[in-house]
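Notes for the structure review
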Amino acid sequence: MAARRRDQPAVGKRRVPVKDEPGIRGNAGELHQQAGGKHPALTTNQGLQISDDQNSLHAGEHGPTLLEDFVLREKIMHFDHERIPERIVHARGTGVHGYFELTGSLSKATTAKIFTEVGVKTPVFCRFSTVAGGAGSVDTPRDVRGFAVKFYTGEGNFDIVGNNIPVFFIQDAIKFPDFVHAVKMEPDRGFPQAGSAHDTFWDFVSHTPESMHAVMWAMSDRAIPRSLRMIEGFGVHTFRLIDHLGHSTFVKFHWRPKLGLQSTVWDETVKLAGADPDFHRRDMFEAIQAGEYPEWEFSVQLFTQKQADSFPFDHLDPTKLIPEELVPLTTIGRMVLDRWPDNFFAETEQVAFCPANLVPGIDFSNDPLLQGRLFSYTDTQLSRLGGVNFHQIPINAPKCPVNNNQRDGHMQMSVPRGRTNYEPQSLEPDRPLETPNGFTSAALSIDHGLKSRIRPGSFADHYSQPRQFFRSQNSVEQSHIAAAYVFELSKLETPHVRDAVVGHLRNIDPRLAKRVADGLSMGKLPPAPKAAARILDLPGSPALGLIGKMKDTLKGRSVGILIAEGSDAAAIDSIRRAAHGAGATVKLVAPKIGEVGLEGGKYEIVEHQLAGTPSVVFDAVAVIVSGEGAKRLAKEGAAIDFVRDAFGHLKAIGADEGGKMLLKAAGLKLDAGIVDAADPTSFIEAAKTRQWAREPKVRSLP
Ligand code: HDE
């Protein structure tokens, strides 16, 4: 690190600065010396070494800045253009490098090497995102999460550009701009920055019954994840695998997190947004720094056209999922994320995913939403990344040879050699040519129906799958969904939109409709719209639940221990050791950072200040304080909130005698989730889950 420079001499003093005088900024010799003479020279973008990066070029000490100062102009010009347009959707994102390893071959179904070469590790870059908010919005609104993976395979880049929920809001690409306009900030007022609790979103979906299924998922706790390391990923659309004979099998892609699923509770989410707007990004960063590499199982659902014909829904309809109970998942690989990008902009911001990035042996289906996406992603890069050569940016560049006759364009980085840039040609024998191993589309017969703007009749059932989803949830999950509808709809200014949504809920599940209507103090239930197709009672699918997919573990979770002057060192240590032993990270929180003196002359160095570290950022907390400490903390709003929120967010609380005094001062009654700190084993057990039984005591849910 370069040594800090001294301040400039006082302004206004009439003196001629002498460049070689010690202490004058811009004295290059002195700075270089202070830095040990080892730093490379600072240069302009033309490679010119710079002797003064502190002062622009003036005509005299108090004179104007000279236009000829090309060092200043280059620096400011570059700075002025540092921003590029953010993604129109999925603007807020977190990217991580890693690898994909195939553990089971799909050679019977595909020739794609990525799915047939067992044991091969393929580099990947994965970007998680929220959908609605801008690049600077918070990490934790209620929203779907993007889950995009770029595989740098030897056969070219293959992207699975998915989400953390398996269905989408619309069936046809032509509605995407409307859907996105409706969910993003309202155009006249410029808010909300993120989140769907506003009139335009609900207005649109209330007129779009096909969105009811995805809306139901968005109202579930899947849309308020605890960590990006604890979300599932879905390719959403049906794709095809093609074998060496050209036969194709339908496929759906799934990612399942090794740490299990976990979400927050709504009140916690709301508070997290203020406590740490970067909660998910920081959580991922810290996990990677600590060597706790998140891992996902990769699975596929394979099915034939014949099977698809027997489904009570259309497999080409992106608002439908295929229950695991109908077509089981086969796990064929794993993805480990183990390297944080070196530079956020160069990698996470400039990465350009595209569902059309395929490798031989994989192909699209005729899902009309997917078909529209095949155009959109390359198109958007033209304005976002500024030209046609975005594939040359290191994060986008394939790690296999790229050879073709495409030339020139903005920001061309490669220097093609030779005389010919066309094909066929006879002047150069070593120019690239097509190969029989290249990509071939599935040879499908096309139904030559009428050319028309048409929605298949098999897409018409909009209520059976949301009903199946809702009825497959346990009672806690169901009440959270009902509460989410109540919250979101209560934010609307327009009663008729509220009515319309509750009308749809009547078609999905009359009891849910009633619960939501009661939660909104609706006198009587609004009418249900006429369903375009018969609504089915599909069998329950436990795999659609969330709580059942939580893992009984503290791995990847974090425990906060609130301490103060005079806390019991041994009690802190035993909780900390137990939590570490269970795989959790531990953070000490105290009214002040720095050295905190403990009982018996010991001390701890605390890095987290109570006022800035509320319990929402932890999965479980312990309070280890002396009686005196408890009395002092009882007067601290932040300490009372710390325990009250941990309790309200259904977290385990370990407490010694002083800790219990603080809980009492906060008005909390002991329950099974409040564990004596002297029994770290029980604390760890309680910390592995949420205290669902406590919920009815802390909030009334519809
Ligand atoms: Fe996207 N989507 N999308 N989308 N999408 C973009 O591409 C689009 C859809 C998804 O981390 C954009 O490079 C259309 C479904 C993810 O960089 C844009 C339609 C699914 C990401 C675009 C859809 C997704 C995007 C914005 C309907 C889940 C972030 C910037 C036809 C399967 C990728 C960009 C990243 C990003 C268009 C529907 C997932 C504008 C037109 C369905 C995860 O091209």
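Up top is the structure these notes are about.
Here we summarise the structure given alongside this text.

Parameters at a glance
- Residues numbered from 1 in each chain as written.
- Predicted model: local features only at pLDDT ≥ 70, side-chain atom pairs only at ≥ 80, totals over all residues.
- Heavy atoms only, no water.
- Buried < 20%, exposed > 50% of the residue type's maximum accessible area, 1.4 Å probe, protein only.
- Helix = DSSP H or I, 4+ residues; strand = E, 2+ residues; numbered from the N terminus.
- Pairing = 2+ DSSP bridges.
- Contact = heavy atoms within 4.5 Å.
- Axes fitted to C-alpha atoms, helices over the stretch in contact; angles between N-to-C directions.
- Near = heavy atom within 4 Å.
- Polar contact = N/O pair within 3.5 Å; in protein donor to acceptor, adjacent residues only side chain to side chain.
- Nonpolar A, V, L, I, M, F, W, Y, C, P; charged D, E, K, R; others polar.
- Donors = N, O, S within 2.8 Å, 3.2 Å for Na, K, Ca; no water.
- 1 Å grid on protein atoms, 1.4 Å probe; cavity = no way out; pocket = protein on both sides within 12 Å on 5 of 7 lines; lining within 4 Å.
- Points joined across faces, edges and corners; volume = space filled by probe spheres on them.
- Lys, Arg positive; Asp, Glu negative; His and termini not counted.
- Salt bridge = Lys/Arg side-chain N within 4 Å of Asp/Glu carboxyl O.

A word on the pairing of strand β7 (residues 248-257). For β7, the buried fraction is high: eight of the ten residues fall into the buried class. As defined by bridge partners, strand β5 (residues 233-234) adjoins β7 across two bridges and the pair is classed as antiparallel. Residue pairing for β7: Gly233 is matched across the bridge by Trp255. Direction of pairing for strand β6 (residues 239-242) relative to β7: antiparallel, over a ladder of four bridges. Following the sheet pairing, Leu241 is matched in β7 by Thr249.

Here we come to the sheet that holds strand β12 (residues 585-590). The strand order across the open sheet formed by six strands is β15-β12-β11-β16-β17-β18, and the pairing between neighbours is parallel. Each edge of the open sheet carries a strand with a single partner, namely β15 (608-609) and β18 (674-676). Sheet analysis places strand β11 (residues 558-563) next to β12, joined by five bridges and oriented parallel. Its bridge partner lying in β12, Ile561 is registered against Leu588. Helix α18 (residues 657-665) contacts β11, β16 (620-624), β17 (653-655) and β18 of the sheet and is inclined by roughly 125° relative to β17.

The next subject is the site of the ligand. Among the 23 residues in the neighbourhood of the ligand, the closest are listed as Arg87, Arg127, Ser376, Tyr377 and Gln381. Take His90: an N or O atom from its side chain is 3.4 Å from a nitrogen atom of the ligand. A distance of 3.0 Å separates an oxygen atom of the ligand from a polar side-chain atom of Ser376. Looking at the shell around the ligand, the elements with two or more residues in it are β3 (145-153), β4 (156-163) and α10 (368-384). Looking at the shell around the ligand element by element, the count peaks at six residues for α10. Partitioned by chemical class, the residues of the shell around the ligand number eleven nonpolar, nine polar and three charged.

For a metal bound by four donors in a tetrahedral arrangement, the ideal donor-metal-donor angle is 109.5 degrees, while six donors in an octahedral arrangement ideally sit at 90 or 180 degrees. In this structure the iron atom of the ligand is ligated by exactly one protein donor, Tyr377 (OH), at 1.8 Å. With respect to the helices and strands, the residue Tyr377 is situated in helix α10.

Attention shifts here to empty space enclosed by the protein. Tallied over the full model, the rule gives eight cavities of 30 Å³ or more. By volume, the largest cavity is sized at about 160 Å³. Pro166, Phe234, His254, Leu321 and Ile322 are, among the 18 residues lining the largest cavity, the residues nearest its centre. In terms of residue count, β7 provides more of the lining of the largest cavity than any other element does, three residues in total. Split by residue class, the lining of the largest cavity holds ten nonpolar, two polar and six charged. Approximately 110 Å³ is the volume attributed to the second largest cavity. Taken together, Val131, Arg142, Asp143, Val144, Phe168, Phe169, Phe179, Val183, Gly195, Ser196, Phe201 and Ala218 make up the full set of residues lining the second largest cavity.

Turning to the side chain of Arg498, a few remarks are in order. Position of Arg498 relative to the elements: it lies in helix α13 (residues 495-508). Buried and without a salt bridge, Arg498 has Asp499 as its closest oppositely charged side chain, separated by 6.7 Å. Contacts of Arg498, omitting those with residues within four sequence positions, involve Leu489, Ser490, Leu492, Leu520 and Met522.

What follows is about the pattern of salt bridges. As a working rule, side chains carrying opposite charge can pair if their charged atoms are close by. For the structure on display, the rule yields 42 salt bridges. Residue Arg256 pairs with Glu324 through a salt bridge whose shortest N-O separation is 3.8 Å. Here Arg256, found in strand β7, pairs with Glu324, found in the loop between α8 (305-310) and β9 (330-339); they are 68 residues apart in sequence, far enough to count as distant. The partly exposed category is assigned to Arg256, whose relative accessible area is 21%. Counted as one network, the salt bridges with shared partners bring together Arg222, Glu232, Arg256, Glu297, Glu324 and Lys549.

What is shown is where atoms sit, not what they do.
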